[in-house]
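Below are the chains, spelled out letter by letter.
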Amino acid sequence: MKYLNSDFSLTNDSLVISEDGEHTTPVISVLIRMMREAQVKTLYSVEDLREFIFRVILLYGRDRLMLGDAGSEFVVKAIADEKPVAIDLTTLHEYVGIASEQGSLGFSDREDFIAYLRKTHTASEARKAADKNLPDNVVRYVGPMQIEGEDSGIDISDDIIERCAALAEKLFAQSNVEVFEEFEEKHTDTIDALKQRIALRGSVAFHIQKVPFEVMEECVAFLREEYGYDKELLKKRDAEEFALDFDLIELAWAFANDLCEYEIMESVPVAAWPKEILDLDIDKYQGLQGDEIGGINLLDTIHYYKLAELEPLLKGVEMATEKVKGQ
């Protein structure tokens, strides 16, 4: 029970944080991969464990199930970095508290997961059929990690799902649920705080209609100083004519109201991202940082368009907070 992902900030770095400073091992790498493919974000609760067992059987155990070789033990075998790995119930007990996605809890909806799995299975079968026509000298790339059963040709039928669910319940009955109950009890405050943080995530959104016209017009006049603008279209808040202007005003508003956080290197801000409470589509700022490198850097966009000049206009302009999820 030494693994608890204590950093709940939004980040692409999903390494598990451990008390002894250890980060990744072949076992952790395989377990994280399995969790991501199963769309299980955490192994904190008894329900996380139950759902993970079912999804793992559905993902990797269909061949064994059809051959009558599923057995009465939960074991998934894999190769990671040329080392053999076996994930069993004891492994799951040891790694209670592991998270495959920081700042999240639980797992995706089961029906959505099954629909996604069926779709990817169909695509995989089409790929394998196409591979049969490849020249003999063409070899498909095999990655550094292979999980036994992951390339099953067995269709994901309703019957298979029922059989996987029945086997999962038998295997779940063998698990030590007390380990997960103790973990939840020990970390109740932390998990509750995360639940509240998740509920607030994306609960603040920008709406150009909420910006007073006089403020909006000053912003557009600044942004279009060299080109001018059609005031009648602006009065209509024409989203097509002023698409870029409105996106830049939204970004300027976010910075003006402290809704972005900075990435710091050697005491200097080098990039910025929206805080998790803010619902901001950063993809629309792709390539808007004034260089030929491409990508997204909101801080560079702020500097290139001199959006800090708009802070006095936009600071304090309120947006209605969306209803908090779950309330």
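Rules of the game
- Residues numbered from 1 in each chain as written.
- Predicted model: local features only at pLDDT ≥ 70, side-chain atom pairs only at ≥ 80, totals over all residues.
- Heavy atoms only, no water.
- Helix = DSSP H or I, 4+ residues; strand = E, 2+ residues; numbered from the N terminus.
- Buried < 20%, exposed > 50% of the residue type's maximum accessible area, 1.4 Å probe, protein only.
- Contact = heavy atoms within 4.5 Å.
- Areas by Shrake-Rupley, 256 points an atom, 1.4 Å probe, with all protein chains shown as cover.
- Phe/Tyr/Trp six-rings, centres within 6.5 Å; stacked < 30°, edge-to-face > 60°.
- Lys NZ or Arg CZ within 6 Å of the ring centre and 35° of its normal.
- Core = buried A, V, L, I, M, F, W, Y, C linked by side-chain atoms within 4.5 Å.
- Pairing = 2+ DSSP bridges.
- Axes fitted to C-alpha atoms, helices over the stretch in contact; angles between N-to-C directions.
- Patch = residues over 30% accessible without salt bridge, like charges linked within 9 Å, V, L, I, M, F, W, Y side chains within 5 Å.
- Salt bridge = Lys/Arg side-chain N within 4 Å of Asp/Glu carboxyl O.
- Lys, Arg positive; Asp, Glu negative; His and termini not counted.
- Charge placed at Lys NZ, Arg CZ, Asp CG, Glu CD.
- Expected span 1.5 Å × (residues − 1).

Novice: So what exactly am I meant to see when it comes to the overall build of the chain here?
Specialist: Across its full length, the chain holds 13 helices and 7 strands. The buried share of the chain, reckoned over its 327 residues, is 41%. If you take every contact in the chain between residues at least 6 apart in sequence, the share linking residues at least 24 apart comes to 72%. Counting only carbon and sulfur atoms, one obtains 50% of the accessible surface of the chain, whose full area is about 18,400 Å².

Novice: Honestly, the packing of aromatic side chains in this entry has me stumped. Any pointers?
Specialist: This structure, assessed with the given rule, holds 5 aromatic pairs. Where Tyr 44 meets Phe 183, the ring centres are 5.4 Å apart and the plane angle is 40°; that geometry is what we call tilted. Of this pair, Tyr 44 sits in the loop between α1 (26-38) and α2 (46-60) while Phe 183 sits in helix α7 (residues 177-186), and the two are 139 residues apart along the sequence. The burial state of Tyr 44 is the same as that of Phe 183; both residues are buried. Taking NZ or CZ as reference, Arg 110 lies 3.8 Å from the ring centre of Phe 54, over its face.

Novice: Explain the nonpolar core to me, please; I cannot follow it from the model alone.
Specialist: When a protein is soluble and globular, its nonpolar side chains tend to lie buried together. Membership of the largest hydrophobic core comes to 51 residues, with the highest contact counts inside it found for Val 30, Met 34, Phe 52, Ile 53, Leu 58 and Leu 92. Broken down by element, the residue count for this core peaks at 10 residues, all from α2. Apart from residues lying up to four places away in sequence, Leu 92 is in contact with Leu 31, Leu 43, Leu 49, Phe 52, Ile 53, Phe 74, Ile 87 and Phe 180. Of all hydrophobic cores here, the second largest spans 36 residues; its members include Phe 242, Leu 259, Leu 310 and Val 317.

Novice: I would appreciate a short explanation of the sheet that holds strand β1 (residues 75-80) in the present structure.
Specialist: Pairing between the strands of a sheet is mediated by backbone hydrogen bonds and can be parallel or antiparallel. The strand order across the open sheet formed by 3 strands is β2-β1-β3, and the pairing between neighbours is antiparallel. Bordering the open sheet on either side are β2 (83-88) and β3 (145-147), each of which pairs with just one other strand. Between one strand and the next, the sheet's axes are offset by a mean angle of 20°, whatever the strand orientation. Examined bridge by bridge, β1 and β2 share 6 bridges and lie antiparallel to one another. Across the sheet, the residue bridging to Ile 79 is Pro 84, located in β2. Packed on one face of the sheet, α1 meets β1, β2 and β3 and runs near 55° to β2.

Novice: Just checking my understanding: could you explain a negative patch on the surface for this structure?
Specialist: A cluster of acidic side chains, namely Glu 178, Glu 181, Glu 182, Glu 184 and Glu 185, defines a negative patch on the protein surface. For Glu 184, the position within the fold is in helix α7.

Novice: Looking at this structure, I do not really get the environment of Ala 173. What am I missing?
Specialist: Counting through the fold element by element, Ala 173 comes out in the loop between α6 (158-172) and α7. Ala 173 gets classed as exposed once you look at its relative accessible area, which sits at 63%. Spatially, the C-alpha atoms of Ala 173 and Arg 50 are 9.2 Å apart, while their sequence positions differ by 123 residues.

Novice: How should the pattern of salt bridges be read in this particular structure?
Specialist: For side chains bearing opposite charge, pairing can occur when the charged atoms are close. Enumeration over the complete set of coordinates arrives at 17 salt bridges. With a shortest N-O distance of 2.6 Å, Glu 37 and Arg 33 are connected by a salt bridge. Linking Glu 37 with Arg 33, this pair stays in helix α1, spanning 4 residues, or about one helical turn. The partly exposed category is assigned to Arg 33, whose relative accessible area is 23%. Residue Lys 284 is joined to Asp 247 by a salt bridge in which the shortest nitrogen-to-oxygen separation is 3.5 Å. Highlighted residues: Lys 284 in the loop between β7 (278-279) and α12 (298-304) and Asp 247 in helix α11 (residues 243-256), separated in sequence by 37 residues. The class of Lys 284 is partly exposed, set by a relative accessible area of 30%. Residue Asp 247 is classed as buried on the basis of its relative accessible area, which comes to 18%.

Novice: Looking at this model, I keep getting lost on α11. Mind explaining?
Specialist: In this model, α11 (14 residues) spans 20 Å end to end at C-alpha, consistent with the 20 Å of a helix rising 1.5 Å per residue. Within the sequence span of α11, burial applies to Asp 245, Phe 246, Asp 247, Leu 248, Ile 249, Glu 250, Leu 251, Ala 252, Trp 253, Ala 254, Phe 255 and Ala 256. Directly beyond the C-terminal end of α11, a positive phi value near 55° is found at Asp 258.

Novice: What is the right way to look at unusual backbone geometry in this model?
Specialist: Excluding glycine, a negative phi dihedral is what most residues carry, and trans is how most peptide bonds are arranged. For Gln 39, which is not a glycine, the phi torsion comes out positive at approximately 60°. If you trace the backbone, Gln 39 turns up in the loop between α1 and α2. Residue Gln 39 is classed as partly exposed on the basis of its relative accessible area of 22%. Despite not being glycine, Lys 306 has its phi angle at roughly 55°, a positive value. The topology assignment puts Lys 306 in the loop between α12 and α13 (311-314). Looking at Lys 306, the relative accessible area reads 55%, which means it is exposed.

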